[in-house]
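# Examining the three-dimensional arrangement
Single-letter residue listing:
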Amino acid sequence: MRFNENADLDTSQIDDLRGGGGRRGGGGVGGRVAAGGGGLGIVGLILYFLLSQLGGGGLGGGVDSGGFGLPEGLSGLSGGQTADTTQIAQSCRTGADANTQLDCEVVAVVNSLDGYWTDAFARSGQTYQPPRTNFFSGGVNTACGSASSAVGPFYCPGDNEVYIDLSFFQELETRFGAQGGPFARAYVIAHEYGHHIQALLGTTSRVQSGDVGPTSGSVRLELQADCYAGVWANHATTTPTSSGEPLIVEVTQDDVAAALDTAARIGDDFIQTELGGGRVDESQFSHGSSAQRELWYTTGYETGDPSRCDTFARGVDLG
C-alpha cells in the first residue's frame with residue numbers, strides 16, 4: 001500500500017497523548033480495563049493469555065471484553081496529560097510523510113476512513129460524525145475506564161473515540177507472528193472505526209457487556225466491525241479526502257493477504273491455542289475464530305457494501 005505523496009494530511013481529528021506517558025484526566029483511576037467499561041477492542045483476550053503466561057500477576061480489578069480482569073500491576077493509572085498535536089501537525093503534512101513515518105501513516109488512514117464513511121452516510125441520508133483518534137503510550141484514561149497498552153487498540157463508546165498505542169503494531173509481528181505492513185495496520189484501525197459506525201447506528205447498544213460464546217452478541221459485533229473494515233478497504237483507492245483526491249494510490253494482493261493474516265492471528269481460537277498454550281474454549285469466544293474474522297473481512301472487501309455486514313440478521317451464517 002502506498003500513499004499519494006502530494007496529498008495533504010489532516011491532523012485535526014488526532015489527539016497525541018504520548019508526551020507524558022499517554023495518560024489524561026485528573027487523579028488516579030482504579031484498575032478497570034477500558035473494555036470493561038464498554039470499550040471495544042480488536043484483541044479482547046490479549047490481557048489474559050499474554051500477561052498470565054508471561055507472569056503478569058493475578059487477575060483482578062475490572063473486566064475486559066473477554067471476561068477477564070486487569071492485572072493489578074497495571075492499574076492505578078494517573079496523571080493530568082492533555083493532548084498536544086503541535087509536533088504531529090508539523091511532521092505529518094503530506095502523503096510522502098505517511099510513506100515514511102508510522103504516526104503519519106495512521107493519520108492518512110484515519111483521513112481515508114473519515115472520507116469514506118462521510119460519503120457512505122451521506123448516500124443514505126445521514127450525517128457522519130468522525131471519532132477522535134488518540135495516540136498514547138503505556139496507559140490511558142478514558143470515559144470507559146483506564147487501560148494499559150496490553151489491551152491493544154480499542155474504541156470507547158462512552159466518548160466516541162479510538163485509542164491506540166502505536167507499539168501494538170510491533171507486537172502483532174513479534175508476539176502474534178503477523179506479516180505486518182501498512183495495509184495490515186490499516187485493517188486494525190479500520191476495525192476500530194467499524195465500532196464507531198456501530199455506535200452511530202445504535203448497533204452497539206444491542207449487545208450486553210460480558211456476552212460471550214460462539215454466537216454471542218460480542219462475536220457478532222466484532223465480526224461486523226471486521227466486515228466494515230473490509231468495506232473501507234474495497235474503496236480505499238477511490239475515496240477522496242479533504243485534499244480532493246484519494247490518499248491511497250495502490251493496494252496489492254499481497255496487502256490484502258497481509259490483512260487477512262492479521263485477522264487470522266487475532267482470532268479467539270488462535271490466541272487460546274498459540275499464545276495461551278491451551279485448548280479452544282468456544283464458550284469464552286468474544287471476537288470470533290480466525291476463520292470467521294477472515295470470512296467477514298473478505299465479505300466486506302469483496303462486496304464493498306456495508307449492508308452485507310449484517311451479522312445480527314436472523315439466520316445469518318457466521319461461518
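From a predicted model like this one, the values you see are computed outputs, not experimental measurements. (Residues numbered from 1 in each chain as written. Predicted model: local features only at pLDDT ≥ 70, side-chain atom pairs only at ≥ 80, totals over all residues. Heavy atoms only, no water.)

## Some words on the packing of aromatic side chains
Defined as follows: Pairs were defined over the aromatic rings of Phe, Tyr and Trp, the Trp ring being its six-membered one, requiring ring centres within 6.5 Å. Orientation was assigned from the angle between planes: stacked under 30 degrees, edge-to-face over 60, tilted for the rest. Exposure categories follow from relative accessible area, calculated using a 1.4 Å probe and restricted to protein chains: below 20% of the type maximum is buried, above 50% is exposed, and the middle band is partly exposed.
All chains considered together, the criterion is met by 10 aromatic pairs. Measuring from centroid to centroid gives 5.5 Å for Phe121 and Tyr128, while their planes differ by 65°, and the two rings are edge-to-face. Judged by its relative accessible area of 8%, Tyr128 is buried. Among the aromatic side chains, those forming a connected cluster through ring pairs are Tyr116, Trp117, Phe121, Tyr128 and Tyr228.

## Details of helix H7 (residues 217-235)
Here is the rule: Helical segments are the DSSP runs of H or I of at least four residues, strand segments are the runs of E of at least two, and each set is numbered from the N terminus. Working rule for helices: expected span equals 1.5 Å times residues minus one.
A rise of 1.5 Å per residue sets the reference length of H7, with its 19 residues, at 27 Å; its end C-alpha atoms lie 27 Å apart and thus fit the reference within 8%. In terms of burial, H7 is a largely internal element, 18 of the 19 residues being buried.

## Thoughts on the pairing of strand S6 (residues 132-135)
Basically, it comes down to this: Strand pairing is defined by DSSP finding a minimum of two bridges between the two strands.
Bridge analysis of strand S2 (residues 14-16) against S6 gives 3 bridges, and the strand direction is parallel. Counterpart to Ile14 in the pairing with S6 is Thr133. As defined by bridge partners, S6 adjoins strand S10 (residues 161-164) across 4 bridges and the pair is classed as parallel. When the bridges of S10 are listed, Asn134 appears paired with Tyr163.

## Comments concerning the confidence of the model for the chain
Residues shown with low pLDDT carry predicted positions that ought not to be read at fine detail. Quick reminder of the rule: As a per-residue measure, pLDDT reflects the predictor's confidence and takes values from 0 up to 100. Here, two residues are considered to be in contact whenever any of their heavy atoms come within 4.5 Å of each other.
Taken residue by residue, the chain gives an average pLDDT of 82. The fraction at 70 or more is 81%. Counting interchain partners and residues more than four positions distant, the pLDDT-below-50 stretch residues 21-36 has 78 contacts. The model gives residues 45-80 a pLDDT under 50, and that stretch makes 110 contacts with residues more than four places away or in other chains.

## Considering the pattern of salt bridges
The condition that has to hold: A side-chain nitrogen of Lys or Arg and a carboxyl oxygen of Asp or Glu constitute a salt bridge if their distance falls within 4 Å.
Considering all chains together, one arrives at 8 salt bridges under this definition. Of the charged contacts in the structure, one is a salt bridge between Glu171 and Arg175, with a shortest N-O distance of 3.6 Å. Using a relative accessible area of 36% as the deciding quantity, one classes Arg175 as partly exposed. Through salt bridges with shared partners, a single ionic network connects Asp16, Arg18 and Asp103.

## Focus on the state of the cysteines
Operational definition: In what follows, a disulfide is any cysteine sulfur pair within 2.5 Å.
In the structure shown here, the tally under the stated rule is 3 disulfides. Note on cysteine connectivity: Cys92 is disulfide-linked to Cys104, with sulfurs 2.0 Å apart. Its S-S torsion of approximately -80° makes the covalent link between Cys92 and Cys104 left-handed. Remark: Cys104 occurs in helix H4 (residues 102-123) and Cys92 occurs in the loop between helix H2 (86-91) and helix H3 (95-98); sequence separation between them is 12 residues. A relative accessible area of 2% means that Cys92 is categorised as buried. Note that Cys227 is cross-linked by a disulfide to Cys309, the S-S spacing being 2.1 Å. Disulfide Cys227-Cys309: torsion about the S-S bond near -70°, hence left-handed. Placement of Cys227 in helix H7 and of Cys309 in the segment after helix H10 (290-303) is noted, with a sequence separation of 82 residues between them. Comparing Cys227 with Cys309, the two get one shared label, buried. If you count the bonded cysteines of the chain from the N-terminus, they pair up as 1-2, 3-4, 5-6.

## Here's the deal with unusual backbone geometry
Within the chain, Asn160 stands out as a residue other than glycine whose phi angle is a positive 55°. Checked against the element boundaries, Asn160 lands in the loop between strand S9 (154-156) and S10. Looking at Asn160, the relative accessible area reads 33%, which means it is partly exposed.

## A few points about the nonpolar core
Let me state the cut-off plainly: We call a set of buried residues a nonpolar core when its members are Ala, Val, Leu, Ile, Met, Phe, Trp, Tyr or Cys and they connect through side-chain atoms within 4.5 Å of each other.
Formed by 67 residues in total, the largest nonpolar core has its most connected members in Trp117, Phe169, Tyr187 and Trp232. Secondary structure elements with two or more residues in this core: H4, S10, helix H5 (168-174), helix H6 (182-201), H7, helix H8 (253-265), helix H9 (268-275) and H10. Looking at this core, the element that brings in the most residues is H4, giving 11 residues. Residue contacts for Phe169: discarding those within four places in its chain leaves Leu102, Val106, Ile164, Arg185, Val188 and Ile189. Ranked by size, the runner-up nonpolar core spans 9 residues in total, among them Leu17, Phe136, Val140 and Val151.

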